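Letter by letter, the chains look like this.
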Amino acid sequence: MSGMLQPEVLVLGGTGTVGGGVIAALLEAGSRVLAVGRSAERLKALRGRFADAPGLETLVGSVADDAGAEALAARIAEREHPLSAVVASLGSPLTSGRMIDRPASQLLRRLQRDLLPHLAAARHLLPLLADLGGRYVLVGSPCALRPWAGHGEASVTGSATRMLAQVLHEEAQPLGVRVQLLQVEEPVCDPSNKRQACAEWFSPLAVGRCAVSLLAGRGQPGQVIVSTDKKLASQPVAGKLAGIPLPLSLHEVSP
């Protein structure tokens with residue numbers, strides 16, 4: 001690895017609540033981070049938030065469909081820093097309402113916004129990870145675990161995302177890439193819901209630390225769905241991300 005530039009981790013949805021926590025945890029662990037988002041204004045605010053972190057770069061891009069994901073992958077492939085991992089924190093805001101009171105097209109729109117971008121991103125980004133035997137982590141919604149009252153569309157879509165992660169895990173094995181889904185089991189506390197937050201809810205940084213622990217090797221190779229862990233979330237992942245592929249640069253985390 002002598003002379004190799006330090007790899008970077010791509011964060012999709014980096015301007016979102018959880019995406020911001022993932023970025024914070026990666027920078028905390030010493031990683032280079034490339035944050036992708038559709039809004040140049042929100043990416044500028046993100047850079048301001050982490051102004052003291054030289055390891056953060058941003059890129060305007062979209063994985064909403066195959067064309068956008070393909071264009072993004074082409075731009076990333078041209079970067080001088082090799083890509084060692086991807087964390088995909090994708091999803092649209094929740095909208096309240098019963099599914100039986102809405103047209104079926106409403107669910108289709110939710111699937112198009114929240115599920116298909118995961119597939120589009122994986123199709124075009126997984127090949128970029130093959131050279132380093134990288135890691136690919138999807139962040140799952142708590143809605144996937146139960147039929148949340150008033151948020152049925154998000155529950156159906158979240159469940160579909162879990163299955164997609166399992167399919168991607170199998171299909172990425174010939175590439176030497178490990179795909180996992182970090183299952184967030186409770187809502188994430190942020191400024192908008194701080195007054196209603198329960199003690200068991202995770203902060204965005206806590207979720208981010210759990211995601212970094214997956215990149216560092218947490219879990220068995222065949223384990224696809226991994227839940228958030230309060231012990232891992234309470235402190236930075238041990239080790240520093242140096243100029244070698246990320247999974248080899250951190251101390252292995254016990255499953």
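These numbers come from a predicted model, not from an experiment. (Residues numbered from 1 in each chain as written. Predicted model: local features only at pLDDT ≥ 70, side-chain atom pairs only at ≥ 80, totals over all residues. Heavy atoms only, no water.)

Looking at empty space enclosed by the protein
- A complete count under the given rule lists two cavities of 30 Å³ or more for this structure.
- Reported here for the largest cavity is a volume of approximately 40 Å³.
- Considering every element that reaches the lining of the largest cavity, the biggest residue donor is helix α6 (residues 152-172), with three residues.
- Broken down by class, the residue content of the lining of the largest cavity amounts to two nonpolar, five polar and three charged. (1 Å grid on protein atoms, 1.4 Å probe; cavity = no way out; pocket = protein on both sides within 12 Å on 5 of 7 lines; lining within 4 Å. Points joined across faces, edges and corners; volume = space filled by probe spheres on them. Helix = DSSP H or I, 4+ residues; strand = E, 2+ residues; numbered from the N terminus. Nonpolar A, V, L, I, M, F, W, Y, C, P; charged D, E, K, R; others polar.)

Some points on the sheet that holds strand β2 (residues 32-37)
- Read across the open sheet, the seven strands follow the order β3-β2-β1-β4-β5-β6-β7; overall the sheet is parallel. At either margin of the open sheet sits one strand with a lone partner, and together these are β3 (56-60) and β7 (225-227). When the angles between neighbouring strand axes are averaged without regard to direction, this sheet yields 25°.
- The pairing of strand β6 (residues 178-183) with β7 spans three bridges and is parallel. Looking at β7, one finds that Gln183 is bridged to Ser227.
- Packed onto the sheet, helix α1 (residues 17-28) meets β1 (8-12), β2, β3, β4 (83-88) and β5 (135-140) and runs at close to 170° relative to β1.
- Contacting β5, β6 and β7, α6 runs over the sheet at an angle of about 160° to β6. (Pairing = 2+ DSSP bridges. Axes fitted to C-alpha atoms, helices over the stretch in contact; angles between N-to-C directions. Contact = heavy atoms within 4.5 Å.)

Some words on the pairing of β6
- Burial within β6 is extensive, with six of its six residues counted as buried.
- What you see with β6 is no split at all: Arg178, Gln180 and Leu182 on one side and Val179, Leu181 and Gln183 on the other are buried throughout.
- Pairing between β5 and β6: six bridges, direction parallel. Looking at the pairing, Gly140 lines up with Gln183 of β6.
- In terms of handedness, the path from β5 via α6 over to β6 forms a crossover that is right-handed. (Buried < 20%, exposed > 50% of the residue type's maximum accessible area, 1.4 Å probe, protein only. Right-handed = clockwise from strand over helix to strand, strands pointing away.)

Here's the deal with the layout of surface pockets
- By volume, the largest pocket is sized at about 1,400 Å³.
- In terms of lining, the largest pocket is formed by 44 residues, of which the most central are Ser89, Leu90, Gly91, Ser92 and Pro93.
- Of all the elements in the fold, those that place two or more residues in the lining of the largest pocket are α1, β2, α4 (104-114), α5 (116-129), β5 and α6.

A word on the side chain of Arg110
- Here Arg110 shows up in helix α4.
- A relative accessible area of 1% means that Arg110 is categorised as buried.
- With near-sequence residues (within four places) excluded, Arg110 lies in contact with Ser92, Pro93, Leu94, Thr95, Leu115, Glu153 and Thr157.

Digging into the pattern of salt bridges
- Within the structure shown, the criterion is met by eight salt bridges.
- Close ionic contact of Glu57 with Arg32 constitutes a salt bridge, the shortest N to O distance being 2.4 Å. Here Glu57 is found in strand β3, whereas its partner Arg32 is found in strand β2, with 25 residues between them in sequence.
- Classification of Arg32 as buried rests on a relative accessible area of 14%.
- A salt bridge links Asp101 to Arg98; its shortest N-O distance comes to 2.8 Å. Accessibility classification places Asp101 together with Arg98 in one group, the exposed group.
- The structure contains a network of salt bridges with shared partners spanning Glu8, Arg32, Glu57 and Arg79. (Salt bridge = Lys/Arg side-chain N within 4 Å of Asp/Glu carboxyl O.)

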